[in-house]
Amino acid sequence: MKLNVLLWLAALLGAVLPRSADSRPAAAPADRCLLPRLLLLHLGQELSLRMGGGSAAPVLLSSSSSAVKWALLQLTRRLLQARAEQQQDEEEEAGEKGKRSDEPPISLDLTFHLLREVLEMARAEQIAQQADSNRMIMDTFGK
Amino acid sequence: MRVMERTFREQLFFLVLCLSVLKGDSRYIENNEITKDELYSFFNSELKREIPEELMYRRPLRCLDMVAVEGQFTFTAERPQLSCAAFFMAEPNEVISVDYDSVDIDCIGGDFITVFDGWVMKGEKFPSTHDHPLPLFERYVDYCDSGSLRKSVRSSQNVAMVFFRIHSAGSSFTLTVRKHTNPFPCNVMSQSPEGSYTMVIPQQHRNCSFSIIYPVEISISEFSLGHYNHLPKRSMPGCAESGDFVQLLGGNGIDTSKLLPITDLCIAFTGPTHMKIGCDNTVVRMVSSGKFVNRVSFSYRLLDSQELQTIKLNNVEDFCFNN
């Protein structure tokens, strides 16, 4: 009975883990799922060893139920810790994005006098370019 | 006999008509080769504005540059250039688009090309953050962050600029600058120290500024806020409680929110009002609630050195001459 409960719980956790990993970047789920899966494997091995005990199994199972419970608690703790770290990472990323937007923007130290000088040059260039364009149009119409 | 004559006359007229048509006296439609697709050309005015490749204006871009024409501008670094900027300017009723072409820079090595929607000088921005439709971080478009996704950047007003930094000699990039008509200009930077302009805000809740980076004499010839019979009742002097008014601002920066108010106008009038403002930047700013169609017409001319000297000597509030 307890074995069934344990197996159902392990299956449930195994189903939950990939879902939580989907929202993370590709590299992270492998790291995040490694520890819980190792624990699950360890639990499985523990169970198989216990099950192989034969007639002593029920006694051993009952005596090892506390160890299983402890393992389950550890597994839950690690899962919660992983989720907390995940949330913390997301908050840090959002904070970094906010910092990027708060960074002092690029600027140029230019006096009004210099700005007017370059503006005069640009206007002269515009007038010259317009004169060239007009000359080209007049030449085209004159043909 | 008469019936036969009538029939003969009708046949004769019909024959003459056919002969004149065959001779080609009727008009025919010429193929207008200016537009490629006649059926859809009137849906897209941009087609008519496309400059042929052979007529495109080209020149090198300088580290500090001002561009007021359409064309292609190529910057090639002969040595590391760590602090460069080019200002773009168009007519008051135009906006500017900047396209990246042939960019060869080392983004990972610290090179960047950033287009800004407006002008930035000494940390001050035009249009100010209060008057621009976009938040500040959206006004900077970095090629290294979004170059492949966003190859063209369009300004919201008649000015824009690009900042760039190139570490390696030989790196280069080309910018194609085009101008597009803006049917509803709001924030405008004047190209010249003299001219005239009419600012209209058609029932929009927005603030618009016309900035003149010269000391000028402004003559406001016409000013109307909404319906000509609407006279706002004011409980206190000044235009503070009016949702629609015009400000005259002056100062030594380009950020209109940091300029000092010279006067406010919130009662409609006709007839010229003259004012000499001896500041580096003179701004006519209209605040509009969106309830009315607001309109102000003004002209301006450059103050000569003698007038400036007179203003400096006579002006008690010399906030423009502190620096």
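See the structure printed just above.
Now for a look at the structure at hand. Please read these numbers as outputs of a predicted model, since none were measured by experiment. (Residues numbered from 1 in each chain as written. Chains lettered and ligands numbered in written order. Predicted model: local features only at pLDDT ≥ 70, side-chain atom pairs only at ≥ 80, totals over all residues. Heavy atoms only, no water.)

Describing the interface of chain B and chain A
Piece 1. At the junction of the two partners, chain B supplies 38 residues and chain A supplies 22 residues.
Piece 2. Carbon and sulfur atoms supply 69% of the area that chain B and chain A bury against each other, a total of about 2,600 Å² over both sides.
Piece 3. By the criterion of area lost to chain A, the three top residues of chain B are M66, M121 and K122 of chain B, representing 21% of everything that side buries.
Piece 4. Across the chain B-chain A interface, the total number found is two salt bridges.
Piece 5. In this structure, R116 of chain A engages D280 of chain B in a salt bridge whose closest nitrogen and oxygen atoms are separated by 3.0 Å.
Piece 6. Counting across the chain B and chain A interface gives five residue pairs in polar contact (both at pLDDT 80 or more).
Piece 7. For the side of chain B that touches chain A, the secondary structure elements donating two or more residues are β2 (64-67), β4 (81-89), β6 (112-116), β7 (119-121) and α3 (136-139) of chain B. (Contact = heavy atoms within 4.5 Å. Buried area = accessible area lost by both parts, 1.4 Å probe. Salt bridge = Lys/Arg side-chain N within 4 Å of Asp/Glu carboxyl O. Polar contact = N/O pair within 3.5 Å; in protein donor to acceptor, adjacent residues only side chain to side chain. Helix = DSSP H or I, 4+ residues; strand = E, 2+ residues; numbered from the N terminus.)

Here's the deal with the packing of aromatic side chains
All names here are of chain B.
Piece 1. One pass over the full model with this rule turns up twelve aromatic pairs over all chains.
Piece 2. Consider the rings of F75 and F173, whose centres lie 5.8 Å apart with planes at 35°: the pair is tilted. Taken together, the residues F75 in strand β3 (residues 71-76) and F173 in strand β12 (residues 172-181) connect sequence positions 98 residues apart.
Piece 3. Seen in terms of ring centroids, F164 and F173 are 5.0 Å apart; in terms of plane orientation they differ by 75°. Their pairing is edge-to-face. (Phe/Tyr/Trp six-rings, centres within 6.5 Å; stacked < 30°, edge-to-face > 60°.)

Looking at unusual backbone geometry
Residues and elements named next belong to chain B.
Piece 1. The linkage connecting F126 with the following residue, P127, adopts the cis geometry, with an omega of -10°.
Piece 2. Here P127 shows up in the loop between β8 (124-126) and α3.
Piece 3. Despite not being glycine, K122 has its phi angle at roughly 55°, a positive value.
Piece 4. As for its placement among the helices and strands, K122 is situated in the loop between β7 and β8.
Piece 5. The phi dihedral of Q203 is positive, around 50°, even though this residue is not glycine.
Piece 6. Mapped onto the secondary structure, Q203 falls in the loop between β14 (195-202) and β15 (207-212).

Focus on helix α4 (residues 112-142) of chain A
Since there are 3.6 residues in each turn of an α-helix, residues three or four apart along the chain are aligned in direction.
Piece 1. Its 31 residues give α4 of chain A an end-to-end C-alpha distance of 44 Å, which sits within 8% of 45 Å, the value for a rise of 1.5 Å per residue.
Piece 2. Residues of α4 of chain A that are buried include every one of F112, L115, R116, V118, L119, A122, E125 and Q126 of chain A, and no others.
Piece 3. On the buried face of α4 of chain A, the contacting elements are β1 (58-60), β2, β4, β7, β12 and β20 (281-287) of chain B. (Expected span 1.5 Å × (residues − 1). Buried < 20%, exposed > 50% of the residue type's maximum accessible area, 1.4 Å probe, protein only.)

Describing the sheet that holds strand β18 (residues 260-265) of chain B
The pairing of strands in a sheet comes from backbone hydrogen bonds and takes either a parallel or an antiparallel form.
All names here are of chain B.
Piece 1. Taken together, five strands build an open sheet; the order of strands is β13-β15-β20-β17-β18 and the sheet is mixed. Taken across any chain shown, the strands that pair with only one partner, and hence form the sheet edges, are β13 (188-189) and β18.
Piece 2. Sheet topology note: the β15/β20 ladder contains six bridges and is antiparallel. Each bridged residue has a counterpart across the sheet, and for C208 the counterpart in β20 is M286. (Pairing = 2+ DSSP bridges.)

Observations concerning the pattern of salt bridges
Should their charged atoms come close, side chains of opposite charge can pair.
Piece 1. Evaluation of the coordinates by the stated rule reveals twelve salt bridges over all chains.
Piece 2. We note a salt bridge from E120 of chain A to R123 of chain A, for which the minimum N-O separation is 3.1 Å. Taken as a pair, E120 of chain A and R123 of chain A lie in helix α4 at a separation of three residues, close to a single helical turn.
Piece 3. Overall, the relative accessible area of 39% leaves E120 of chain A in the partly exposed class.
Piece 4. A salt bridge links D131 of chain B to R285 of chain B; the nearest nitrogen and oxygen atoms lie 2.9 Å apart. Of this pair, D131 of chain B sits in the loop between β8 and α3 while R285 of chain B is found in strand β20, placing the two residues 154 residues apart along the sequence.
Piece 5. Overlapping salt bridges, with partners in common, bring together E125 of chain A together with R59, R62 and D65 of chain B in one network.

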